[in-house]
Amino acid sequence: MGNDTPTNGAEAGNTPSADPPLRPGGAPARVYMNERIVPYLLEGMKSVTKEQPANPLRVLGEFLIQKSNEIEGGAPGSKKSPE
């Protein structure tokens, strides 16, 4: 019971230098979200805040679907299946 026991729940052999380096902007999932989702989500949230509809989740969802169709092109179900 000495003071050499890690108090943050980490294993004794783990050190910060053992972690893989992160690219600028954070982990790959964060970079993906920041590039492809967050701008449109923020835009939709601003719109919902401005309008304050009775059903904000539905309005936000419809906004995102509309934006997806504009950005990714095509109607729902028009994506080709991977071969």
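Residues numbered from 1 in each chain as written. Predicted model: local features only at pLDDT ≥ 70, side-chain atom pairs only at ≥ 80, totals over all residues. Heavy atoms only, no water.

Chemist: Got a minute to help me understand the packing of helix 1 (residues 28-36) against helix 2 (residues 38-51) in this structure?
Modeler: Helix packing for two helices is described by the angle between their axes and how far apart those axes are. One way to put it is that helix 1 packs onto helix 2 with a least axis distance of 4 Å and a crossing angle of 50°. When the axis of helix 1 is compared with that of helix 2, the two are oblique. Packed against helix 1, whose contacting residues are Met33, Asn34, Glu35 and Arg36, the element helix 2 presents Val38, Pro39 and Tyr40 at the interface. Grouping the constituent residues of the contact of helix 1 with helix 2 by class yields four nonpolar, one polar and two charged. (Axes fitted to C-alpha atoms, helices over the stretch in contact; angles between N-to-C directions. Helix = DSSP H or I, 4+ residues; strand = E, 2+ residues; numbered from the N terminus. Parallel < 35°, antiparallel > 145°, perpendicular 65-115°, else oblique. Contact = heavy atoms within 4.5 Å. Nonpolar A, V, L, I, M, F, W, Y, C, P; charged D, E, K, R; others polar.)

Chemist: How do you make sense of the confidence of the model for the protein when you look at a structure like this?
Modeler: In low-pLDDT segments, the atomic positions of the prediction should not be examined closely. Summarising the model, the protein shows a mean pLDDT of 78, and 58% of its residues fall at 70 or more. Mean pLDDT across the secondary structure elements of the protein bottoms out at helix 1, with 92, and peaks at helix 2, with 97. (pLDDT = per-residue confidence, 0-100.)

Chemist: Sorry if this is basic, but what is going on with the packing of helix 2 against helix 3 (residues 56-72) here?
Modeler: Between helix 2 and helix 3, the shortest axis-to-axis distance is 9 Å and the interhelical angle comes to 140°. With respect to helix 3, the axis of helix 2 lies oblique. In this structure, helix 2 crosses over helix 3, and the sense of that crossing is right-handed. Here helix 2 contributes Tyr40, Leu41, Glu43, Gly44, Met45, Val48 and Glu51 to the contact with helix 3, which in turn contributes Pro56, Val59, Leu60, Phe63, Leu64, Lys67 and Ile71. Of the residues contributing to the contact of helix 2 with helix 3, the split by class is 10 nonpolar, one polar and three charged. (Left-handed = near helix turned anticlockwise from the far one by under 90°.)

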